[in-house]
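An overview of the molecular structure
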Amino acid sequence: MRLAFAAAALLLASATAQAAVIDFEADTTGNKANGFVSASGAGVSFTDTSGANLIVYSDSEAIGKGLAVFDDDASRLRMDFSAYATELSLVFGNDDPCCSDVGDRAWLVLYDGVVVVDSVSVAMNQDDLPNQTISYSGTAFNGALFWYGDAGGTPIALIEIVDNVTFNVAETPEPASLALLGAGLLGLAGLRRRR
Ligand SMILES: [Ca+2]
Ligand SMILES: [Ca+2]
Ligand SMILES: [Ca+2]
Ligand SMILES: [Ca+2]
């Protein structure tokens, strides 16, 4: 019995998520092709859904360097993850009062392939500064879209700038801990048989 619990605990420990934070500080500023992977961290690629206007940008709208989704169009930022994640957060800036209305929101939709898993949104504080975070934690996903939209999610003409893209990667259990779990379960079955 005790062995089974120990093995299960080991399995849980090995499955504990590891977090990655993409802060774009290791990237050169300037245009990036769709499918861009930051030098600051792997595990996610970035794509502009309208045109090819990703720019690593250094200004007050980011924390140091950030990733901007030009132009003033209905672009969304697509994130494709190389493994399933259950948590995602990012800081957003350029929530510029020039080009947004009270009630406009930052939107984040999570996907498993093409299937929508969930969505969250946050009312932007419209101060042009990267001082808000949008976060999701829940069902596993391997893709996400981020954009600035109105209260109903319709994109507004405002360039998105993101920074500190943070997500977890659920590791597959290692064979050693699987073997231990197997041994534990066999032990448990043996105990049950003896009763
Ligand atoms: Ca674009
Ligand atoms: Ca940064
Ligand atoms: Ca701005
Ligand atoms: Ca802000």
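The structure this text deals with has already been given above.
Residues numbered from 1 in each chain as written. Chains lettered and ligands numbered in written order. Predicted model: local features only at pLDDT ≥ 70, side-chain atom pairs only at ≥ 80, totals over all residues. Heavy atoms only, no water.

Some remarks on the coordination of the calcium ion (ligand 2)
Rule in force here: Sodium, potassium and calcium take a 3.2 Å donor cutoff, other metals 2.8 Å, and in both cases only N, O and S atoms count; water is not among them, so sites may look incomplete. Donor angles set the geometry label: tetrahedral for four donors if every angle is between 85 and 135 degrees, square planar for four and octahedral for six if opposite donors exceed 155 degrees and the others are between 65 and 115, irregular for anything else. Helix and strand definitions here come from DSSP, where helices need a minimum of 4 consecutive H or I residues and strands a minimum of 2 consecutive E residues; each element is numbered from the N-terminal end. Buried means the residue's accessible area, taken with a 1.4 Å probe over protein chains only, is under 20% of the maximum for its type, while exposed means over 50%, and partly exposed covers the values in between.
Protein coordination at the calcium ion (ligand 2) comes from D23 (O), E25 (OE), I63 (O), K65 (O), D163 (OD) and D163 (OD), with a distance range of 2.3 to 2.6 Å. In this structure, the calcium ion (ligand 2) is surrounded by six donor atoms whose angles at the metal cover 52 to 161°, and the resulting shape is irregular. Mapped onto the sequence, the residues coordinating the calcium ion (ligand 2) show the spacing D-x1-E-x37-I-x1-K-x97-D. Taken together, the residues D23 in the loop between β1 (18-22) and β2 (30-32) and K65 in strand β5 (residues 65-69) connect sequence positions 42 residues apart. Assessed through its relative accessible area of 27%, D23 is described here as partly exposed.

Notes on the coordination of the calcium ion (ligand 4)
Looking at the metal site, the calcium ion (ligand 4) is ligated by D95 (OD), D95 (OD), N125 (OD1), D127 (OD), L129 (O) and N131 (OD1), spaced 2.2 to 2.7 Å from it. Around the calcium ion (ligand 4) sit six donor atoms; with metal-centred angles ranging over 51 to 163°, the donor geometry is irregular. Counting the intervening residues between successive donors of the calcium ion (ligand 4) yields the motif D-x29-N-x1-D-x1-L-x1-N. A residue pair is termed long-range when its members are at least 10 positions apart, and D95 in the loop between β6 (77-93) and β7 (105-112) and N131 in the loop between β8 (115-123) and β9 (132-149) qualify at 36 residues. Residue classification places N131 among the partly exposed positions, given a relative accessible area of 40%.

With respect to unusual backbone geometry
Put simply, F70 and D71 share a cis peptide bond, and its omega is 0°. At D128, a residue that is not glycine, the phi angle is positive and equals roughly 75°. Among the structural elements, D128 can be located in the loop between β8 and β9. Residues other than glycine seldom take positive phi values, yet N164 does so here, at roughly 50°.

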